[in-house]
Amino acid sequence: MVDLKLIIASNIIKLRTEAGMTQSELGEKLNYSDKSISKWERAESLPDANVLKQMSEIFGVSIDYLFSTHDGWEPKKDTDSKAKEDKEKIRFNLKAVEGIALCGILTFALFLFILFWIIMDSPIWMIFFAAIPVALLTHLVLNSVWNKGRRNRIIIALFVLSVLLFIYMALIKFNIWQIFLLMIPVVIILYLSSKIKEKDKEKKRK
């Protein structure tokens, strides 16, 4: 049994294209959006009886014509939605790869921590403080390659902070907390760089 949605969809496309009308133009005549027309033509939904009557009058055919099979037709796949699905899959795969890379760094740091603990009979916590900037640097590189540098400013700020934290912990007996004041110019530089990029985007749009 042929699906009624496919029959009506096929006839709408045939009549609309033969009349040289776009989906938007047909939508205006029916007081519907072009999205509704697109759904009907993809056989995702059926127009109601009143709309079918209007279409029969617009195209000069009977309502029975709209319900009758003429030329075979199958709805085209929604390429936009398929492209979105593919992008989502790629993003998921990239995030998985990035997650594996970051977990690998932390696992290696844990391995070194256990190894030195066994050999030296004393835990060296600085290994984890060293692993943090390494992990953030890896994240920065992968984010620049895969996400076109989105949110890079935040990652850079965290990377600089992690380096300063490592230095502070390495020299903790001196209590050089003033080193964290270096974050002030870093944040200012990152903020100003974001403004430069925004202006460049505005110029390109113009």
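The structure this text deals with has already been given above.
Residues numbered from 1 in each chain as written. Predicted model: local features only at pLDDT ≥ 70, side-chain atom pairs only at ≥ 80, totals over all residues. Heavy atoms only, no water.

**Comments concerning the side chain of Arg16**
Among the structural elements, Arg16 can be located in helix H1 (residues 4-18). Overall, Arg16 belongs to the buried group, its relative accessible area being 10%. (Helix = DSSP H or I, 4+ residues; strand = E, 2+ residues; numbered from the N terminus. Buried < 20%, exposed > 50% of the residue type's maximum accessible area, 1.4 Å probe, protein only.)

**Considering the packing of aromatic side chains**
Counting across every chain of the model gives six aromatic pairs. Taking the centre distance of 5.4 Å and the plane angle of 55 degrees together, the rings of Tyr168 and Phe180 count as tilted. Separated by 12 residues along the polypeptide, Tyr168 in helix H8 (residues 152-170) and Phe180 in the loop between H8 and helix H9 (183-205) bring together distant segments of the chain. Among the residues examined, Tyr168 registers a relative accessible area of 17% and is labelled buried. Its relative accessible area of 27% is what places Phe180 among the partly exposed residues. Following the ring pairs from residue to residue traces out a cluster consisting of Phe113, Trp117, Trp125 and Phe128. (Phe/Tyr/Trp six-rings, centres within 6.5 Å; stacked < 30°, edge-to-face > 60°.)

**Digging into a nonpolar patch on the surface**
The grouping of Phe108, Leu110, Phe111, Ile114, Leu115, Phe116, Ile118, Ile119 and Met120 at the surface amounts to a nonpolar patch, some 900 Å² of accessible area in total. Mapped onto the fold, Leu115 is located in helix H6 (residues 79-120). (Patch = residues over 30% accessible without salt bridge, like charges linked within 9 Å, V, L, I, M, F, W, Y side chains within 5 Å. Areas by Shrake-Rupley, 256 points an atom, 1.4 Å probe, with all protein chains shown as cover. Salt bridge = Lys/Arg side-chain N within 4 Å of Asp/Glu carboxyl O.)

**A look at helix H3 (residues 34-41)**
Residues of H3 that are buried: Ile37, Ser38, Trp40 and Glu41. Buried residues of H3, viewed axially, fall in a sector of 160 degrees; they line one side. On its buried side, H3 packs onto H1, helix H2 (23-30) and helix H4 (49-59). Among the residues trailing H3, Ala43 stands out with phi positive, at a value near 60 degrees. (Arc of directions from axis to C-beta. Contact = heavy atoms within 4.5 Å.)

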